[in-house]
Amino acid sequence: MDTEIKLKGDKIIEQIPSVKDKALRINLNENIYGTFAEIGAGQETVRHFFRSGGSSGTIAKAMSAYDKDFSDAVYGIEEDGRYVTESRLKKMLSHEVNLIEKRLSREKHPNKMFFSYANTVATIDFAKQFKGHGWVGISYQIEPDEDYNEIILHIRFKETDVRLQQETLGILGVNLIYGAYYKYNDPKRLLRYLYDHLDKDQLEIDTINFSGPRFADVDNRLMSLQLVKNGMTDAVMFNPDGINILPAAMLYKKNILAFRGSFRPVTKVNMDMYEKSLKMFLNENKVSPENTLVIFEITLSNLRSDGEIDERDFMDRAELLCSLGQTVMISNFQEYYKVVEYFANYTKARMGLAMGVNNLIDIFDEKYYRHLSGGILEAFGKLFYRDMKVFLYPMIGENGEIITSENLKVHPRMKELYKFFKFNGKVVDIDDYDPSILEVFSREVLNMINNGKPGWETMLPPGIAEIIKEHRLFGFDPNKVLKEINS
């Protein structure tokens, strides 16, 4: 009998089941039974299940209501008239689950684990201007008498051929269904397995939400972080409730005011900068409160310590920002111009960046733009595009002086370039700041918290210290504080 030869130095290779094997394993499980509803890119997912064999034991129904009137008759009319939306996908999943529960008797099928897979997709348009996107999801059971679990995600196609996009969607669908049943106990790995037999050049996943009994302990903000960390997308967003939201939907045609920081923890300086710059931004022409979105942005590089991303630390920051009612964005954009470029994909309205003096000085450092063929001029062309303005928060200099846009020092070669932007009103000072808090720094507060030193509470916005203490955020240990007081 042949035995497998293993040599010294061999690496373990993870065996990834083929698309056919995944579909076949689902088909051969006599208890997995459900429906497929696919709109907009053929019936590419269910095709794999039909072709792999044994599909009659898995597929209760496969349908594709392409015509809008038919679709409305089945799933209801969308108020905004759009069909490639999360709302439409949820209606599809809900409708199909209700239907299968209604039409199939539990007495006749006591062991069946029902599911409904759905997608609503727009592939690349004829002029090839818009590459296409879509919503994909599954609602399913792990036990026959258990409530349904749900995984919903938003995708963007990167390929420029309809047929290739259809095939990509089909593979993704199989990966999702297979992962939902066989990887649900490890959502982080389930996420990575969505790209089995796919490349990140084919597909971007920019939003995902898990819900249901099997995902009761999953924090979707952490899943958002995985998308950026794994290179599945450049940026993700979540709202104050901690729910992942589609960036495109949030940013569309909005006036955007963004803050970049470590927020470790969020301090009075951060909130003073936010309140004062927002007040100035809302006084700009063509800016109204109802059409303005404020974003607190954390870059991936800001989350790394010793090269690794500290997820606990990330969750601590997320919890504080959400408690302050803020929308948070996690991105892998190290340079500011990339953030503005990203926003510009979705809006042509006014934009503002609020930052400290030291951040602006860094922006005028040429070393960050050597990889660009146009160097710093190319970056600045993207950064200070059209209606973009920097709201500058002052800092205290080495000699105790207040540094603003009037007296900050950039590299001599950059001096005239800086003066150009300053003269044209692209850089404006936040004048109405609170001078009593200029010496508050996040790193100092964090150091005090970690070492049990008293007095840091007064450096934070109201209520934040209480949250840190109650939830033991940022390594807060009440025993350390007691020792400090006693000593």
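Everything below is about the structure printed above this text.
Residues numbered from 1 in each chain as written. Predicted model: local features only at pLDDT ≥ 70, side-chain atom pairs only at ≥ 80, totals over all residues. Heavy atoms only, no water.

So, unusual backbone geometry
Comment: phi is negative for the bulk of residues other than glycine, and the bulk of peptide bonds are trans.
Line of reasoning, step 1. Of the consecutive residues R264 and P265, the connecting peptide bond is found in the cis state with omega at 0°.
Line of reasoning, step 2. Along the chain, P265 falls in the loop between strand 9 (255-260) and helix 9 (268-282).
Line of reasoning, step 3. The phi torsion at H197 lies on the positive side, around 65°, for a residue other than glycine.
Line of reasoning, step 4. One non-glycine residue, F263, lies in the positive phi region at around 50°.
Line of reasoning, step 5. Along the chain, F263 turns up in the loop between strand 9 and helix 9. (Helix = DSSP H or I, 4+ residues; strand = E, 2+ residues; numbered from the N terminus.)

A short note on empty space enclosed by the protein
Line of reasoning, step 1. This structure, assessed with the given rule, holds one cavity of 30 Å³ or more.
Line of reasoning, step 2. Estimates place the volume of the largest cavity at around 40 Å³.
Line of reasoning, step 3. Together, A258, F259, R260, E297, Y336, V339 and L353 line the largest cavity.
Line of reasoning, step 4. Those elements giving two or more residues to the lining of the largest cavity turn out to be strand 9 and helix 12 (336-344).
Line of reasoning, step 5. Counting residues per element, the lining of the largest cavity draws most heavily on strand 9, which supplies three residues.
Line of reasoning, step 6. In terms of residue class, the lining of the largest cavity is made up of five nonpolar, no polar and two charged. (1 Å grid on protein atoms, 1.4 Å probe; cavity = no way out; pocket = protein on both sides within 12 Å on 5 of 7 lines; lining within 4 Å. Points joined across faces, edges and corners; volume = space filled by probe spheres on them. Nonpolar A, V, L, I, M, F, W, Y, C, P; charged D, E, K, R; others polar.)

Side note on the side chain of N270
Line of reasoning, step 1. You can see N270 is positioned in helix 9.
Line of reasoning, step 2. Among the polar contacts made by the side chain of N270, one reaches the main-chain amide nitrogen of T267 at a distance of 2.8 Å.
Line of reasoning, step 3. Excluding residues that lie within four positions of it along the chain, N270 makes contacts with F263, P265 and S442. (Polar contact = N/O pair within 3.5 Å; in protein donor to acceptor, adjacent residues only side chain to side chain. Contact = heavy atoms within 4.5 Å.)

Let's talk about the environment of G475
Line of reasoning, step 1. Within the fold, G475 resides in the loop between helix 17 (464-471) and helix 18 (478-486).
Line of reasoning, step 2. When neighbours within four sequence positions are excluded, G475 is seen to be in contact with I449 and N450.

Structural notes on the pairing of strand 14 (residues 351-356)
Line of reasoning, step 1. Of all six residues making up strand 14, six are buried, and the element is well covered by its neighbours.
Line of reasoning, step 2. Of the two faces of strand 14, both are covered, the one formed by M351, L353 and M355 as well as the one formed by G352, A354 and G356.
Line of reasoning, step 3. Where strand 9 meets strand 14, four bridges bridge the pair, whose relative direction is parallel. Across the sheet, residue F259 finds its bridge partner in strand 14, namely A354.
Line of reasoning, step 4. Of the strand pairs in this sheet, strand 14 and strand 15 (residues 388-393) are connected by six bridges, and their pairing is parallel. Bridging from a neighbouring strand, A354 pairs with F391 of strand 15. (Buried < 20%, exposed > 50% of the residue type's maximum accessible area, 1.4 Å probe, protein only. Pairing = 2+ DSSP bridges.)

Focus: the packing of aromatic side chains
Line of reasoning, step 1. Counting across every chain of the model gives 27 aromatic pairs.
Line of reasoning, step 2. The interplanar angle of 85° and the centroid separation of 6.3 Å between the aromatic rings of F238 and F314 together place this pair among those described as edge-to-face. Separated by 76 residues along the polypeptide, F238 in strand 7 (residues 235-238) and F314 in helix 11 (residues 311-323) bring together distant segments of the chain. As far as burial versus exposure is concerned, F238 and F314 are alike and both buried.
Line of reasoning, step 3. Plain terms: the ring middles of Y337 and Y369 are 6.3 Å apart, the flat faces sit at 55° to each other, and that makes the pair tilted. Of this pair, Y337 sits in helix 12 while Y369 is found in the loop between helix 13 (357-363) and helix 14 (375-383), placing the two residues 32 residues apart along the sequence.
Line of reasoning, step 4. Residue classification places Y369 among the buried residues on the basis of a relative accessible area of 5%.
Line of reasoning, step 5. Put simply, the rings of Y337, F364, Y368, Y369, F380, F384, Y418, F420 and F421 touch in pairs and so form one group of aromatic residues.
Line of reasoning, step 6. In this structure, K112 packs its charged tip against the face of Y33, placed 4.9 Å from the ring centre. (Phe/Tyr/Trp six-rings, centres within 6.5 Å; stacked < 30°, edge-to-face > 60°. Lys NZ or Arg CZ within 6 Å of the ring centre and 35° of its normal.)

Some words on the pattern of salt bridges
Line of reasoning, step 1. Using the criterion set out here, one finds 30 salt bridges in the structure.
Line of reasoning, step 2. Across the salt bridge formed by D313 and R264, the nearest N and O atoms sit 2.9 Å from each other. Placement of the pair is D313 in helix 11 and R264 in the loop between strand 9 and helix 9, with a sequence separation of 49 residues.
Line of reasoning, step 3. Residue D313 is classed as buried on the basis of its relative accessible area of 7%.
Line of reasoning, step 4. Judged by its relative accessible area of 29%, R264 is partly exposed.
Line of reasoning, step 5. With a shortest N-O distance of 2.6 Å, R317 and D313 are connected by a salt bridge. With a gap of four residues between them, R317 and D313 both fall in helix 11, about one helical turn apart.
Line of reasoning, step 6. Look at R317 and you get buried, because its relative accessible area is 1%. (Salt bridge = Lys/Arg side-chain N within 4 Å of Asp/Glu carboxyl O.)

Points about helix 16 (residues 442-450)
Line of reasoning, step 1. Among the residues of helix 16, S442, V445, L446, M448 and I449 are the ones counted as buried. Looking down the long axis of helix 16, one finds its buried residues gathered within 160° of arc, a one-sided arrangement.
Line of reasoning, step 2. Considering only its buried residues, helix 16 is in contact with helix 9 and helix 17.
Line of reasoning, step 3. Phi for G452, located one or two positions after helix 16, is positive at around 70°. (Arc of directions from axis to C-beta.)

Things to note about the sheet that holds strand 13 (residues 327-331)
Line of reasoning, step 1. One open sheet holds the eight strands; their spatial order is 8-7-13-10-9-14-15-18, and the pairing between them is mixed. Edge positions in the sheet fall to strand 8 (244-245) and strand 18 (427-429), since each of these pairs with one other strand and no more.
Line of reasoning, step 2. Across two bridges, the pairing between strand 7 and strand 8 is antiparallel. Within the sheet, the bridge partner assigned to F238 lies in strand 8 and is N244.

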